[in-house]
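In case you want the letters, here they are:
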Amino acid sequence: NGFSGAGCSGPGSSCTVAMNGEQTVTATFTAITPIPMSTLSVQKIGSGSGTVTSANQAGINCGSTCGASFPTNSLVTLTATPATGSTFIGWSNGCTGTGSCDVTLTSDQIIVAQFDLVPDLVTLSVNTSGPGDGTVTSDQGGISCPSACTASFPRGTTVVTLTAVPNGPSVFAGWRGGTCEAFGIAPCMITMDDNRTANARFERFGR
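Report follows, based on the coordinates. Along each chain, numbering runs from 1 in the same order as the chain's sequence is written. The model is predicted, so local features are restricted to residues of pLDDT at least 70 and side-chain atom pairs to those at 80 or more, both for listing and for counting; the totals for chains, interfaces and linings are taken over all residues. Hydrogen atoms and water are omitted, and side-chain values are computed over all heavy atoms in the structure.

### Quick look at the overall build of the protein chain
Here is step 1 of the chain: Put simply, DSSP H or I for four residues or longer makes a helix, DSSP E for two residues or longer makes a strand, and each gets a number counted from the N terminus. Of regular secondary structure, the protein chain possesses zero helices and 18 strands.
Here is step 2 of the chain: Radius of gyration: C-alpha atoms only; globule rule: 2.2 Å multiplied by the number of residues to the exponent 0.38. For 207 residues, the compact-globule estimate of 2.2 N^0.38 gives 17 Å, and the C-alpha radius of gyration of the protein chain, at 36 Å, exceeds that figure by more than 25%.
Here is step 3 of the chain: With a 1.4 Å probe rolled over the protein chains alone, any residue whose accessible area is under 20% of its type maximum counts as buried; one over 50% counts as exposed, and the rest are partly exposed. The buried share among the 207 residues of the protein chain stands at 28%.
Here is step 4 of the chain: Per element, the accessible surface of the protein chain, about 11,600 Å² overall, is 52% carbon and sulfur. What sets the accessible areas is the Shrake-Rupley method with a 1.4 Å probe; for residues, cover comes only from the shown protein chains.

Printed below as a string of structure tokens:
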């Protein structure tokens, strides 16, 4: 902190003493107390990918740097950015939701960020026609036409079975055009490897 005595004073790091007699010089040193630090780590999970950064303080860019030390009790704000083809599902183990994550570091902490791949979905569309009335439903859920006539399913080997049920004085006259035409009046089984369409016709008795 500096010198005192023999004409020396103040915080300078050197002291010039005129030796015109015996002199006493005091050098004062004060211990520096280390700032308490805590470590914040980010763990990424899920089938997708993305980057988590500490937005208000430099240190975390995960990506590559998924842990850093910050002064204990400081506030660190994390933000998540999904890569192309992925989506950010949310935080856990200290934060929730999909917005920014504010962490007050009272001790070492691990925050979990989940990124998943964006699902590859295909659409099934159902149309009804004719003077009669009826409902078309799917065994996989999502379709209850005429109120809900479209639904999305993962592209691949998913098989959706459509069943047509006439209402009141109506009869199901069969599938007309589209993917289901070959099934006649039987339930139609569709492999959802692409966008598909089914057309159901309902007639009234006596027509």
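Past the structure itself, the notes keep going.
### Let's talk about the packing of aromatic side chains
Here is step 1 of the chain: Aromatic pairs are defined between Phe, Tyr and Trp rings, using the six-membered ring for Trp, whenever the two ring centres lie within 6.5 Å; interplanar angles under 30 degrees are classed as stacked, those over 60 as edge-to-face, and all others as tilted. Here the structure, examined in full by the defined rule, presents four aromatic pairs.
Here is step 2 of the chain: Taken together, a centroid distance of 5.2 Å and an interplanar angle of 45° make the contact between phenylalanine 88 and phenylalanine 115 tilted. One end of the pair, phenylalanine 88, is in strand 8 (residues 86–92); the other, phenylalanine 115, is in strand 10 (residues 109–117), and 27 residues separate them in sequence.
Here is step 3 of the chain: Residue classification places phenylalanine 115 among the buried positions, given a relative accessible area of 1%.
Here is step 4 of the chain: Relative to phenylalanine 202, the ring of phenylalanine 172 lies with its centre 5.5 Å away and its plane at 50°, an arrangement referred to as tilted. Of this pair, phenylalanine 172 sits in strand 16 (residues 170–178) while phenylalanine 202 sits in strand 18 (residues 196–204); the two residues are 30 residues apart in sequence, bridging distant segments of the chain. Across the pair, phenylalanine 202 and phenylalanine 172 agree in class, each one buried.
Here is step 5 of the chain: Among the aromatic side chains, those forming a connected cluster through ring pairs are Phe88, Trp91 and Phe115.

### Section: the side chain of serine 86
Here is step 1 of the chain: Looking at the secondary structure, you find serine 86 in strand 8.
Here is step 2 of the chain: Polar contact is the term for a pair of N or O atoms within 3.5 Å; when the atoms are in protein, one must be able to donate a hydrogen and the other to accept it, and sequence-neighboring residues count only if both atoms are side-chain atoms. A polar side-chain atom of serine 86 sits 3.1 Å from the main-chain amide nitrogen of serine 49.
Here is step 3 of the chain: Setting aside anything within four residues of it in sequence, one finds serine 86 in contact with Gly48, Ser49, Asp116, Leu117 and Val118. Throughout, a contact is declared for two residues whenever any of their heavy atoms are within 4.5 Å.

### Considerations on the nonpolar core
Here is step 1 of the chain: Residues belong to a common nonpolar core when they are buried Ala, Val, Leu, Ile, Met, Phe, Trp, Tyr or Cys residues joined through side-chain atoms within 4.5 Å. With 20 residues, the main nonpolar core has Leu124, Val136, Leu162, Trp175 and Ile190 as its most contacted residues.
Here is step 2 of the chain: At the level of elements, strand 11 (121–129), strand 14 (150–154), strand 15 (159–166), strand 16, strand 17 (188–191) and strand 18 are the ones that each hand at least two residues to this core.
Here is step 3 of the chain: The residues contacting valine 136, other than those within four sequence positions of it, are Val126, Thr128, Ile143, Ser144, Cys145, Leu162, Thr163, Ala164, Trp175, Ala200 and Phe202.
Here is step 4 of the chain: Within the second largest apolar cluster, 18 residues are counted, among which are Val52, Cys95, Leu105 and Ile111.

### Concerning the sheet that holds strand 17
Remark on secondary structure: sheet strands pair via backbone hydrogen bonds, oriented parallel or antiparallel.
Here is step 1 of the chain: Here four strands make up an open sheet; going across it, the order is 13-12-15-17 and the pairing antiparallel. Two strands bound the open sheet, and with one partner strand each, they are strand 13 (144–145) and strand 17.
Here is step 2 of the chain: Pairing between two strands is assigned when DSSP locates at least 2 bridges connecting them. Two strands pair when backbone bridges link them, and strand 15 and strand 17 are joined in this way by four bridges, in the antiparallel orientation. Following the sheet pairing, leucine 162 is matched in strand 17 by cysteine 188.

Remember, this is a structural readout, not a statement about activity or role.
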